[in-house]
Each structure stands twice: as C-alpha cells, then as structure tokens.
Amino acid sequence: MRFRFTAPLWEWGAQGGWFFVTVPEEFAADIREVPRVPRGFGAVRVRVTVGSTSWSTSIFPDSKRGSYVLPLKKAVRTAEGIGEGDDVDVRLEVVDA
C-alpha cells in the first residue's frame with residue numbers, strides 16, 4: 001500500500017519536542033482494513049519519504065483524530081526545512097502486512 005498526501009506538521013501538546021503529521025482519514029481506513037500481526041500501541045511499520053529524506057518508522061493510531069499519526073524526527077525536519085504548521089508532502093508505504 002502506497003499513499004501520497006500533504007498535511008500540516010503539528011506539535012503534540014502533552015510533551016514538547018514531538019512533531020507529527022496526520023494521515024488522511026480515507027487512507028487510515030484503508031490501512032486499518034489490512035489484517036496484520038498486532039504491535040505495541042497499534043503501530044504499523046512504514047517507509048516514508050519527505051522531500052529527499054527517506055526512512056523507516058511506524059505510524060500510530062490516534063483515536064482523538066480518528067486516524068494514524070506519523071512522527072517526524074528533528075533530523076528530517078531540519079534537513080527538509082520544515083517547521084510547525086508547514087504543509088508536508090509525504091510519500092508513505094505500508095511495509096507491515
């Protein structure tokens with residue numbers, strides 16, 4: 001499963017320093033439908049590309065948003081010049097099936 005979307009970067013208010021992009025709800029519904037081995041916190045392994053930076057990570061379900069959230073580590077934000085509130089073009093491939 002491969003997806004491409006643009007969404008704003010936001011900071012998790014509970015603890016500073018964690019930044020996320022929310023996966024659009026229609027893509028989250030597709031991701032949820034695929035049977036997979038349960039992982040901690042409902043994590044789903046993915047391969048992500050933002051700009052010229054690619055990495056492997058996990059997306060996590062967020063019941064408040066009704067979707068999954070993708071963490072963007074500082075190294076990626078710095079390399080791509082992304083800050084809170086900026087729209088982020090994301091290419092995401094689910095590798096956990």
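Read on for a plain summary of the structure. Predicted, not measured: the structure shown is a model, and the values here were computed from it.

## With respect to helix α1 (residues 25-33)
Looking only at α1, the buried set comprises Phe27, Ala28 and Ile31. The buried residues of α1 occupy an angular sector of 100 degrees when projected down its axis, which confines them to one face. α1 presents Glu25, Glu26 and Glu33 as exposed residues on the side facing more than 90 degrees away from its buried surface. Buried residues along α1 sit in contact with β1 (2-11), β3 (44-50), β4 (53-62), β5 (67-71) and β6 (87-94).

## Here's the deal with the packing of aromatic side chains
Tallied over the entire structure, the rule returns four aromatic pairs. Note on Phe5 and Phe27: the rings are 6.2 Å apart at their centroids and 50 degrees apart in plane angle, and the pair reads as tilted. Placement of Phe5 in strand β1 and of Phe27 in helix α1 is noted, with a sequence separation of 22 residues between them. Across the pair, Phe27 and Phe5 agree in class, each one buried. Members of the aromatic cluster, connected to one another through ring pairs, are Phe3, Phe5 and Phe27. The ring of Trp10 is capped by Arg65, whose NZ or CZ atom sits 3.6 Å from the centre of that ring.

## Some words on the side chain of Ser58
Locating Ser58 in the fold gives a position in strand β4. Apart from residues lying up to four places away in sequence, Ser58 is in contact with Ala43, Val44, Arg45, Val46, Val69 and Pro71.

## Considering the nonpolar core
Of all hydrophobic cores here, the largest spans 25 residues; its most connected members are Val90 and Leu92. If we skip the residues at most four places from it in the chain, Leu92 touches Met1, Arg2, Phe3, Phe5, Val23, Val46, Arg47 and Ile59.

## Focus: a negative patch on the surface
On the surface, Glu25, Glu26, Asp30 and Glu33 cluster together into a patch of negative charge. Mapped onto the elements of the fold, Asp30 is located in helix α1.

Cut-off values and rules
Residues numbered from 1 in each chain as written. Predicted model: local features only at pLDDT ≥ 70, side-chain atom pairs only at ≥ 80, totals over all residues. Heavy atoms only, no water. Buried < 20%, exposed > 50% of the residue type's maximum accessible area, 1.4 Å probe, protein only. Helix = DSSP H or I, 4+ residues; strand = E, 2+ residues; numbered from the N terminus. Arc of directions from axis to C-beta. Contact = heavy atoms within 4.5 Å. Phe/Tyr/Trp six-rings, centres within 6.5 Å; stacked < 30°, edge-to-face > 60°. Lys NZ or Arg CZ within 6 Å of the ring centre and 35° of its normal. Core = buried A, V, L, I, M, F, W, Y, C linked by side-chain atoms within 4.5 Å. Patch = residues over 30% accessible without salt bridge, like charges linked within 9 Å, V, L, I, M, F, W, Y side chains within 5 Å. Areas by Shrake-Rupley, 256 points an atom, 1.4 Å probe, with all protein chains shown as cover. Salt bridge = Lys/Arg side-chain N within 4 Å of Asp/Glu carboxyl O. Lys, Arg positive; Asp, Glu negative; His and termini not counted. Charge placed at Lys NZ, Arg CZ, Asp CG, Glu CD.

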